[in-house]
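So the chains spell out like this:
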Number of protein chains: 2
Amino acid sequence: MTMQDAHTRGTGWHKSYVTGPTGSRPDLRVPVRQVHLTDGRDVTLYDTSGPYTDPSVDTDVRRGLAPLRENWIIARGDTEEYPGRPVRPEDDGLRHTAPRGGLRNLDAVFPGRPRLPRRGRPGRPVTQLAYARRGETTPEMEFVALRENVPVETVREEIAAGRAVLPANVNHPEIEPMIIGKRFLVKVNANIGNSAVASSIEEEVEKMTWATRWGADTVMDLSTGRNIHTTREWVLRNSPVPIGTVPLYQALEKVDGRAEELSWDVYRDTVVEQAEQGVDYMTVHAGVLLRHVPLTARRKTGIVSRGGSIMAAWCLAHHRESFLYENFEELCDILAAYDVTFSLGDGLRPGSIADANDEAQFAELRTLGELNTVAKRHHVQTMIEGPGHVPMHKIKENIDLQQEICEEAPFYTLGPLTTDIAPAYDHITSGIGAAMIAWWGTAMLCYVTPKEHLGLPDRDDVKTGVITYKIAAHAADLAKGHPGAQEWDDALSDARFEFRWEDQFNLALDPDTARAFHDETLPAEPAKTAHFCSMCGPKFCSMRISHDIRRAHGGADQDGVDQDGAPGAAEGSEEEIRAGMAAKSAEFAAAGNRVYLPIAD
Amino acid sequence: MTMQDAHTRGTGWHKSYVTGPTGSRPDLRVPVRQVHLTDGRDVTLYDTSGPYTDPSVDTDVRRGLAPLRENWIIARGDTEEYPGRPVRPEDDGLRHTAPRGGLRNLDAVFPGRPRLPRRGRPGRPVTQLAYARRGETTPEMEFVALRENVPVETVREEIAAGRAVLPANVNHPEIEPMIIGKRFLVKVNANIGNSAVASSIEEEVEKMTWATRWGADTVMDLSTGRNIHTTREWVLRNSPVPIGTVPLYQALEKVDGRAEELSWDVYRDTVVEQAEQGVDYMTVHAGVLLRHVPLTARRKTGIVSRGGSIMAAWCLAHHRESFLYENFEELCDILAAYDVTFSLGDGLRPGSIADANDEAQFAELRTLGELNTVAKRHHVQTMIEGPGHVPMHKIKENIDLQQEICEEAPFYTLGPLTTDIAPAYDHITSGIGAAMIAWWGTAMLCYVTPKEHLGLPDRDDVKTGVITYKIAAHAADLAKGHPGAQEWDDALSDARFEFRWEDQFNLALDPDTARAFHDETLPAEPAKTAHFCSMCGPKFCSMRISHDIRRAHGGADQDGVDQDGAPGAAEGSEEEIRAGMAAKSAEFAAAGNRVYLPIAD
């Protein structure tokens, strides 16, 4: 593969693009973060920030991003444009109120180029799953193959087997395709969304671009307040990553918050509305059944999933089976026509350590396994959502059961939080559980911010949540032995050992904060190249001593000591070692036994 | 056991004391944090903050804390006071410079009541290990038994078996005894210490009280700059928790930073100096042997432990075996005379993911196992230090090997960090590894702050590091099924489910930040008692719906549905459930199908 540089910079990093082998389609340009090291080498990192970090691209949130996939979708010839469902005031929750906040100066829902919605021709499932099963490799599959640096056939096989999903609604051509599956890099989702309490459209779009800037692989818009439709439109038209939603939230707004007034008609109408806008995956709480509700009665924290409690309330109110469960096959046909991916929600996930792995949770999981089979029959890509609050010793059972019951469909978990005692630090209580469950096979992690349980995340909380979860995801990639994952750690550790501070900062998940922390102790510019760490100070530095040792002993290789590089080789041949050491001791002494570190060095 | 309240407050929490059964010694008063819930119940939490949080105690850092243990030590009659080693200018690294910073306005090293150092009478090991082996239960053991809420015999047995240590130097009578062992609550250590670069004596004392305020169980003073002796004296006289040090750091200062000029004499002199001051445990890098050094030559990050690299440099310079290893038995006799606990340092711990679990690391661990046996023969309490940087899949091997090689001596690990890519977030990369290794048996965790690898932690970093590690430690207590550990989580989850916001804040690891985050979204005072979460807003709340469900279904118990409380009971009797549900549906409907949440409620 070759590199196409958006622009060049002497130092630091810049946005670059990986293209396929010569002869492959020129419109396949996979974005990467190219880090330039001071020793001349480059390190290529996965990049989710979209065109916003490419100075050669002129972005405008009022125009939206370029429809990268449009030609690919049209070329398949299996979709058709149609007038689509008219946008109604209640779509923005404005039935009882006049428009306000966020719509000012806008003559339409979105000022950018209007586009008719598109859907699969009658009876034609247009999902990546359907293509993969037919043995077709789409440009989207080629894109992720380049992005993950794996053979495209691996991508097709994993999708065809249902072990991976490639969320890509035909009405969201702006995305840079990505894949979610245990054979690939662990992904991170960031939730945004306004509520009745606060936040505006611009803020949500800003949160989305901010989250992807720091590494969010997908973003869920969980808005529940006003302007839901308009906020979603702006987020979709400007998002380089797949967007997920929970249609039930908007449906509830349409019936004025009365769960018992929900119906299949209102829900279906909302799903179509969002599918036409381009939502890539939808959380559907179809696994909450009437018979499951009693199982939650004695829980310490009952039902904490909003979708789960809405459906439970509906079931209680009507004493009928869930309308989502009873109309699931029709729902599958709708999603298949747009290639919307299912995220089967865990409406009964535990909301406290005490409720983890209880019968309510696992009864729902068994139902999700049943629905997973139905969805696959309709060629709908499907992932399964998981908890929640789970103590460490009960985490593995969750992923093992899910993989068994759901035929290895991608698991998508929130945390889990490993203790309940640290509100304001639940990005950490859950980052611990997230790293573990991802190591054991979870494909995507839904982030948790410091504001969890307390309030709506602001810009800083979103960044902290994303960084924390990128750490959990990468720690899992390492533990799974994901090919190439450790190169990043090795590059940073090399820079650390060689006192290349700028390289250390540029390779860090958060270069800005790393640099700022370092400067607090050693503000002077020269300090960034000085050969000592601020922990030990200029006088003494363990790293420096290691260099002396390497110099003193590294040469010993020529004496045949430790020759094969296998540490074990040094053992057993005490004599050889002593000989080599003695031979080098003179050299070490000659060098003045330097454990000091001249600041000028 | 009974409670003695230092003072009473209507709400929130206050410092209280647990005393032994009637008839037991009245001077045994174990501090606890007594949280008062608005529902009238109390929750008792382990407290490390010392007298500083007891308004009835008048503390003064210039006078120091009351010598709680003094009478216990004297009563044993096996120690004697003696003139002690004179304090020399070089003890404060002042050989080449005039005193400055930190010593101003002080006519002595410490203005508080002068006290002659104390040591065991000739040939009398005065360690808690020696007492435990003789079958004696000391007041210190009774204290920790009350503190951990376990039988005192369990405490004595664990110490006698070497599976736990109770660090308590006879010259540090100010401490509130605590125990470190896998059968007890997982403990957290916070490092403080000035360096040549920055920080003053007052700052270090403040960091110590600040760290214990947030839950640090022990504090290590790793000062390397000036005023080492004086800083340590102030920290010791004001510390309610055991203090640990790395004597090698001060010894190096005494030879002006020239590792090759270190000698057993200088080191021994430093150990005696610190033992007389009252240091409770000392990190000793006696496991770094001459033959181990070559094993580090090809590492990615060489030797990152300062103590390890000092000893490696000394070995290389002299091409002789480590003076710590060769004089270890004499060192044991010194520590036994003051009851200083060994923390056998892992000088060759991996400093990067690439170097984890390599031959250098495990070769040293085998040597530590050998030294552990020697130390025990001399009745010296001993714990073993562990890594470092280790990917998740290689963590368990570390604790399993250590427990096997070191006969279950307490493991005391730094993290481990599970990835190298996140400088500025290493409290999180390491918090993940810390929680896991503690679950698997590590007894104490050494915290890592956000400044790790970048600079010296300030007040905020210390707090963040301690809170993060309390989370890891508690998550491990839960996973280990430690008796009573989950009560804390349950109390907080109950408060959350019942919208008792103030109780939630008061039970949180960090009440201040939890309250502040909540107020950002809902500043109004009433909001703290309002029955809705700021995430959902007043209109809709999943928790509230769960209450409706509980109300609607909880009553179903009277119909015999789900009677035994075992969720499984609901299964298999579909009819019963439907009957019970139907019976209750009317009640639910009668209640107006309330999924709303009146703000005034």
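Residues numbered from 1 in each chain as written. Chains lettered and ligands numbered in written order. Predicted model: local features only at pLDDT ≥ 70, side-chain atom pairs only at ≥ 80, totals over all residues. Heavy atoms only, no water.

Some thoughts on the domain arrangement of chain A
In many analyses, interface size is given as the accessible surface area lost on bringing the parts together.
Residues and elements named next belong to chain A.
Part 1: Each domain of chain A was delimited in the assignment, giving domain 1 (12-46) and domain 2 (69-483).
Part 2: Distance from the C-alpha centre of domain 1 to the C-alpha centre of domain 2: 30 Å.
Part 3: Taking both sides of the interface into account, the surface hidden between domain 1 and domain 2 amounts to around 1,100 Å²; carbon and sulfur atoms contribute 66%.
Part 4: Considering only the side of domain 1, the residues that lose the most area to domain 2 are Leu28, Val30 and Tyr46, jointly responsible for 56% of the buried surface there.
Part 5: Linking domain 1 with domain 2 are zero salt bridges.
Part 6: Scanning the region where domain 1 abuts domain 2 turns up two residue pairs in polar contact (both at pLDDT 80 or more).
Part 7: Elements supplying a minimum of two residues to the side of domain 1 that touches domain 2: strand 2 (13-19) and strand 3 (29-36).
Part 8: Broken down by element, the residue count for the side of domain 1 that touches domain 2 peaks at four residues, all from strand 3. (Domains from an automatic or database assignment. Buried area = accessible area lost by both parts, 1.4 Å probe. Salt bridge = Lys/Arg side-chain N within 4 Å of Asp/Glu carboxyl O. Polar contact = N/O pair within 3.5 Å; in protein donor to acceptor, adjacent residues only side chain to side chain. Helix = DSSP H or I, 4+ residues; strand = E, 2+ residues; numbered from the N terminus.)

Some details on the pattern of salt bridges
Part 1: Going through the model one piece at a time under the given rule, you end up with 97 salt bridges over all chains.
Part 2: Among the salt bridges present, the one from A:Asp39 reaches A:Arg41, with a minimum N-O distance of 2.9 Å.
Part 3: Judged by its relative accessible area of 36%, A:Asp39 is partly exposed.
Part 4: A salt bridge links B:Arg232 to B:Glu273, with the nearest nitrogen and oxygen atoms 3.3 Å apart. Highlighted residues: B:Arg232 in helix 6 (residues 228-238) and B:Glu273 in helix 8 (residues 264-277), separated in sequence by 41 residues. Side by side, B:Arg232 and B:Glu273 carry an identical accessibility label, which is buried.
Part 5: The structure contains a network of salt bridges with shared partners spanning A:Arg85, A:Arg88, A:Asp91, A:Arg232, A:Lys254, A:Asp269 and A:Glu273. (Buried < 20%, exposed > 50% of the residue type's maximum accessible area, 1.4 Å probe, protein only.)

What about the pairing of strand 13 (residues 341-344) of chain B?
All names here are of chain B.
Part 1: Neither face of strand 13 is open: one carries Thr341 and Ser343, the other Phe342 and Leu344, and all of them are buried.
Part 2: Pairing geometry for strand 13 and strand 14 (residues 382-386), over three bridges, is parallel. Bridge pairing in strand 14 places leucine 344 opposite isoleucine 384. (Pairing = 2+ DSSP bridges.)

As for the side chain of B:Thr53
Residues and elements named next belong to chain B.
Part 1: Within the secondary structure, threonine 53 is located in the loop between strand 4 (42-46) and helix 1 (70-76).
Part 2: Among the polar contacts made by the side chain of threonine 53, one reaches the side chain of lysine 15 at a distance of 3.0 Å.
Part 3: Here the side chain of threonine 53 touches serine 49 through a polar contact of 2.6 Å, side chain to side chain.
Part 4: Not counting residues up to four positions away in its chain, the partners in contact with threonine 53 are Trp13, Lys15, Asp47 and Arg213. (Contact = heavy atoms within 4.5 Å.)

Notes on the environment of B:Asp54
All names here are of chain B.
Part 1: In this fold, aspartate 54 is placed in the loop between strand 4 and helix 1.
Part 2: When its relative accessible area of 2% is taken as the criterion, aspartate 54 is described as buried.
Part 3: A sequence separation of 39 residues divides aspartate 54 from lysine 15, and the C-alpha atoms of the two residues are 5.8 Å apart.

Quick look at the packing of helix 13 (residues 395-405) of chain B against helix 14 (residues 426-439) of chain B
When two helices pack together, you describe them by how their axes are tilted relative to each other and by the distance separating the axes.
Residues and elements named next belong to chain B.
Part 1: Between helix 13 and helix 14, whose axes approach to 9 Å, the crossing angle comes to 40°. It follows that helix 13 is oblique to helix 14 by the angle criterion. For the pair helix 13 and helix 14, the sense of crossing is right-handed. For the pair helix 13 and helix 14, the contacting residues are Ile395, Asn398 and Ile399 in the first and Gly433, Met436 and Ile437 in the second.
Part 2: Residues that form the contact of helix 13 with helix 14 fall into these classes: four nonpolar, two polar and no charged. (Axes fitted to C-alpha atoms, helices over the stretch in contact; angles between N-to-C directions. Parallel < 35°, antiparallel > 145°, perpendicular 65-115°, else oblique. Left-handed = near helix turned anticlockwise from the far one by under 90°. Nonpolar A, V, L, I, M, F, W, Y, C, P; charged D, E, K, R; others polar.)

Some words on the pairing of strand 12 (residues 281-284) of chain B
As a general feature of sheets, a regular strand has side chains that alternate between the two faces.
All names here are of chain B.
Part 1: Side chains Tyr281 and Thr283 of strand 12 all project onto a buried face; the interleaved residues Met282 and Val284 project onto the opposite face, where all are buried too.
Part 2: Looking at chain direction, strand 11 (residues 243-245) and strand 12 are connected through two bridges and run parallel. In the sheet register, threonine 245 faces strand 12, and the bridge partner there is methionine 282.
Part 3: Bridge analysis of strand 12 against strand 13 gives four bridges, and the strand direction is parallel. Bridge assignment links methionine 282 to a residue of strand 13, and that residue is phenylalanine 342.

Topic: the sheet that holds strand 14 (residues 382-386) of chain A
Residues and elements named next belong to chain A.
Part 1: Here we have eight strands rolled up into a closed barrel, ordered 9-10-11-12-13-14-15-16, and parallel in their pairing. Within this sheet the neighbouring strands show an average axis-to-axis angle of 25°, counted without direction.
Part 2: Where strand 14 and strand 15 (residues 411-414) come together, three bridges link them in parallel fashion. Among the inter-strand pairings, glutamate 385 is bridged to a residue of strand 15, identified as tyrosine 412.

Thoughts on the sheet that holds strand 9 (residues 187-192) of chain B
Residue and element names in this part refer to chain B.
Part 1: Ordered by their spatial adjacency, eight strands build a closed barrel running 9-10-11-12-13-14-15-16, and the pairing between neighbours is parallel. With strand direction ignored, the average angle separating the axes of adjacent strands in the sheet is 25°.
Part 2: As defined by bridge partners, strand 15 (residues 411-414) adjoins strand 16 (residues 444-446) across three bridges and the pair is classed as parallel. The residue bridging threonine 413 from the neighbouring strand is leucine 445, located in strand 16.
Part 3: Against the sheet, helix 12 (residues 359-377) touches strand 13 and strand 14, its axis set at about 165° to strand 14.

Side note on the packing of helix 6 of chain B against helix 8 of chain B
Residue and element names in this part refer to chain B.
Part 1: At a closest axis distance of 10 Å, the pairing of helix 6 and helix 8 adopts a crossing angle of 30°. Put simply, helix 6 runs roughly parallel to helix 8. Pair helix 6 / helix 8 crosses with right-handed handedness. Listed contacts from helix 8 to His229, Arg232, Glu233, Leu236 and Arg237 of helix 6 are Glu273, Gln274 and Gln277.
Part 2: Of the residues belonging to the contact of helix 6 with helix 8, the class tally is one nonpolar, three polar and four charged.

Observations regarding helix 12 of chain B
All names here are of chain B.
Part 1: Relative to the 27 Å expected for 19 residues at 1.5 Å per residue, helix 12 spans 28 Å between its end C-alpha atoms, a close match to the ideal helical length.
Part 2: Most of helix 12 sits out of view: 15 of its 19 residues are buried.
Part 3: Immediately beyond the C-terminal end of helix 12, within one or two residues, lies histidine 379, with a positive phi of roughly 65°. (Expected span 1.5 Å × (residues − 1).)

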